[in-house]
Structure formats: structure tokens, C-alpha cells
Amino acid sequence: MEQISKILNHFPLLIPSTDFKLWSGSIFFKDEEIPISISTPYFPFLNGFSIMCPADLENDIQQSCSSYEVDRENDGLGHFLEYLQSKEALEEQTRRSTKLDYCLYQQILKELQELGSEHVVKCRGDLRSLVLRTIDVRGVEHQLGIGIPRDYPSSRPTIDDIDMPEVALQDLSKGETITDVFNVFQTLVNSFQDFWEAYDSLKSCTWLIDPEHPSLKDTHCRIIIGENVSMLVTLNPQDVNTCPDIKFLGPENSTIPYINSMEKRLKAVGWNEDVSVVDNLLSLLGLQQFPQPDFENKVVVEQGECSICFTLRLDDQTLPSKVCNNVKCNSYFHITCLAQWFQAVPTNETSFNLISGDCPCCGERILCPIKMS
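I will try to describe carefully the structure that is included in this document. Remember, it's a predicted structure, so these values are computed and weren't measured experimentally.

## Some words on the nonpolar core
Okay, so step 1: With 74 residues, the main nonpolar core has Met231 and Leu281 as its most contacted residues.
Okay, so step 2: Counting residues in hydrophobic clusters, the runner-up holds eleven residues, among them Cys324, Phe333, Leu338 and Ile370.

Okay, structure coming up:
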């Protein structure tokens with residue numbers, strides 16, 4: 001136990017596993033802080049130990065290991081770490097360690113040990129930023145980024161990043177400790193399984209054009225359902241069996257038949273919570289199956305490029321969702337681009353949060369919302 005305390009005090013940037021057989025973090029080597037992972041199967045002794053480090057320093061580390069084994073074969077991990085570091089680097093490491101609040105450090109380290117090293121992906125040297133993980137029943141890894149305030153545990157941890165719908169932030173932010181937050185995180189991962197399965201089913205059965213690279217955070221998907229017509233479906237991650245929010249995008253004359261069909265069938269049979277989202281949507285649209293991606297003919301997607309900025313996606317990945325009602329024009333626009341265009345011309349008219357103006361391509365009158373954010 002004395003050697004463990006010594007290592008923790010002198011090398012606070014190294015975090016041990018619960019059985020002290022794996023030490024991960026960073027040390028100073030040749031006056032440079034480097035990430036390192038040391039396996040010590042016979043801790044505190046160095047028999048059979050191994051090191052993982054950056055490839056460009058592997059030879060130097062290996063030479064140091066060989067030299068140490070010859071000269072100091074019976075010394076433990078603490079002596080070996082001191083040997084690895086130059087005198088100047090060791091002094092710098094010690095100086096930095098004195099700045100750490102010892103109680104804070106011990107509290108965080110204790111919680112991480114209780115969670116287990118298998119749940120810790122990485123942590124910043126001063127333990128003020130952590131990335132934790134859990135594996136769900138499908139074998140999918142989920143990561144959680146946590147920030148630790150200086151007055152922890154008096155103040156709660158902050159949520160830096162999550163790979164699940166943002167609605168989860170409300171529950172995660174209530175956690176008082178790292179352990180509390182992680183336990184809530186695991187509970188949420190389990191509760192979102194039906195949602196992720198439904199979303200995956202939509203991805204696999206449809207022609208998905210937005211988001212371009214779906215993630216575990218996404219709740220919406222824009223899918224092609226006909227020529228120049230797409231449907232924006234936003235699922236409720238907390239109750240995926242209920243009817244999602246559905247919007248049709250495309251020229252008015254093309255979307256009306258789909259809108260009428262869905263409204264008629266919703267009134268007649270409603271949304272069946274006992275069947276899948278895909279089957280419900282097919283039934284309400286009167287389709288046997290959704291159109292599938294046509295990689296040889298990209299006309300449907302290419303026609304969706306904004307006729308003002310001439311790009312498909314804005315920096316925030318937004319796709320064009322407003323289409324000119326003139327059948328002969330059929331030009332697509334980002335709502336942001338179109339609203340800015342109308343605001344720059346004197347012939348625009350505004351009403352509440354709507355603005356109308358002449359189509360930049362054909363002169364047809366178009367009405368669109370004013371982007372507020």
C-alpha cells in the first residue's frame with residue numbers, strides 16, 4: 001500500500017485499474033508529457049510488465065526498459081517510473097501535482113476505481129475531464145463526456161458530450177456525483193433501446209438523405225418517398241410507439257396527394273402502436289415499400305440543391321426544404337437562404353413569422369418562415 005500511495009502522489013496523471021495491474025494516463029519523458037499505459041500483472045513487481053506508448057517514442061522507451069531491467073531488476077513500478085523521467089521532468093510533475101486538490105483527486109479516483117477501468121475511456125491529466133462508456137444489450141458502445149468542477153463534489157459534474165438524444169441531458173444533469181451520472185447514463189441507454197431499433201429500421205428500409213451520417217443522437221430522418229418529394233420524420237425517443245412528427249417537403253402539387261392520403265388514413269384507422277414505425281408509415285401513405293437508393297440516378301438528390309447558395313447542405317447540415325410552387329420551376333431553397341434573399345429585396349411582405357417574395361428563379365410568389373435562430 002505504501003508503494004501505491006507513493007506512485008499516486010508522485011505520478012497523479014496515472015490512473016490504476018481496481019486491481020492495480022494496469023496504469024493508464026501520462027508521464028513526463030525527456031521533458032515531454034506523453035500518454036502511456038503500463039501493464040503490471042505481478043504488481044508491485046515488474047515481472048512480465050509491458051508498456052504502450054506513442055510509436056515515435058517506442059524505441060527510446062524500450063531502450064530505457066532494457067537498461068532498467070539490467071541495472072535494477074528487483075525494483076518496483078515506482079522506481080521504474082522515476083527512472084523513466086529526467087530530473088527536470090520529475091520536478092515539473094511534482095510541481096503540478098501539488099496544485100491538485102488532494103481530496104478532490106482522491107474522491108475522483110475512488111469513484112473511477114469503483115466504476116471499473118472497463119468503463120473509463122480516457123481522462124485529462126488533472127482528472128477534470130472524463131470520458132466514460134457502457135456497452136448496451138446489442139453490443140453497441142455508448143460514451144459520456146463529463147467535466148469536473150474545481151469545487152466537486154460540492155458542485156455537480158457537467159455533461160460535456162453524450163451520444164444519445166439531447167432529451168437525456170435533463171436527467172443526466174441531475175446527478176450529484178460521477179457515479180450518479182454514470183448510473184443514470186446506463187439507465188437511459190437501456191431505456192432508448194426501442195428508439196434506436198426503430199430508427200435503425202427506418203434507416204435500413206428507406207432512402208435516407210438527412211442526416212448524411214446518422215448518429216445515436218439523431219431523432220429525425222428525411223426520406224425520399226417520391227419524385228421531388230421527401231418526408232421528415234421526427235421520432236419521440238421517450239415513447240417511440242406514438243405517432244412521430246411528420247412533415248412533407250417538396251413542391252405543393254407533389255406533396256398534397258401524400259398529405260391527403262395520410263390525413264384520411266389517420267382519421268380512419270389512426271396510428272397503430274402495436275406495429276412498427278415503418279409499417280405504420282407505409283400504411284398511412286398507401287405504399288407497399290419505400291423507394292430505395294438509386295446510386296446510378298442521382299437526379300432526385302441533385303434537384304434538391306439550393307438555387308441560391310448552390311449547395312445541398314449548409315454548415316449545420318441543413319438540407320433545402322422549401323420548393324417553388326411553379327411546376328415548371330421546381331427550384332429548391334434553404335429556408336435561411338430564401339428568407340435572407342427576401343429580406344434584401346423591397347418587394348417582400350412579412351406577416352408574423354412569415355415572409356413572402358418572388359422566386360429568384362421564376363418570379364412566382366413564395367411564402368416561407370423567417371428563420372429566428
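From this point, the narrative continues.
## A word on the sheet that holds strand E1 (residues 14–16)
Pairing between the strands of a sheet is mediated by backbone hydrogen bonds and can be parallel or antiparallel.
Okay, so step 1: Strand order in the open sheet made by the four strands is E1-E2-E3-E4, with antiparallel pairing throughout. Each edge of the open sheet carries a strand with a single partner, namely E1 and strand E4 (50–52). With strand direction ignored, the average angle separating the axes of adjacent strands in the sheet is 30 degrees.
Okay, so step 2: Bridging between strand E3 (residues 32–39) and E4 involves three bridges; their strand directions are antiparallel. Note that in E4 the partner of Ile38 across the bridge is Ile51.
Okay, so step 3: Docked against the sheet, helix H3 (residues 77–84) engages E1, strand E2 (22–29), E3 and E4, running at close to 30 degrees with respect to E2.

## Observations concerning helix H7 (residues 178–191)
Okay, so step 1: The end-to-end C-alpha distance of H7 is 20 Å, a good match for the 20 Å that 14 residues give at a rise of 1.5 Å each.
Okay, so step 2: Among the residues of H7, Ile178, Val181, Phe182, Phe185, Leu188 and Val189 are the ones counted as buried. Viewed end-on, H7 has its buried residues packed into an arc of 120 degrees, placing them on one side of the element.
Okay, so step 3: At its buried positions, H7 is contacted by helix H5 (102–115), strand E6 (129–135), strand E7 (141–147), strand E8 (158–162), helix H6 (169–172) and helix H8 (193–205).

## Considering the pairing of strand E10 (residues 220–226)
Residues in a regular strand point their side chains to alternate faces of the sheet.
Okay, so step 1: Counting buried positions along E10 yields six of seven residues, so the element is predominantly enclosed.
Okay, so step 2: Relative to E10, strand E9 (residues 208–210) runs antiparallel, the two being bridged by two bridges. The partner of Asp210 across the bridge, within E10, is Arg222.
Okay, so step 3: Taken together, the six bridges between E10 and strand E11 (residues 229–234) define a ladder with antiparallel strand orientation. In the sheet register, Arg222 faces E11, and the bridge partner there is Leu232.

Procedures and definitions
Residues numbered from 1 in each chain as written. Predicted model: local features only at pLDDT ≥ 70, side-chain atom pairs only at ≥ 80, totals over all residues. Heavy atoms only, no water. Core = buried A, V, L, I, M, F, W, Y, C linked by side-chain atoms within 4.5 Å. Buried < 20%, exposed > 50% of the residue type's maximum accessible area, 1.4 Å probe, protein only. Pairing = 2+ DSSP bridges. Helix = DSSP H or I, 4+ residues; strand = E, 2+ residues; numbered from the N terminus. Axes fitted to C-alpha atoms, helices over the stretch in contact; angles between N-to-C directions. Contact = heavy atoms within 4.5 Å. Expected span 1.5 Å × (residues − 1). Arc of directions from axis to C-beta.

Take it as geometry only, folks, not as evidence of what the structure does.
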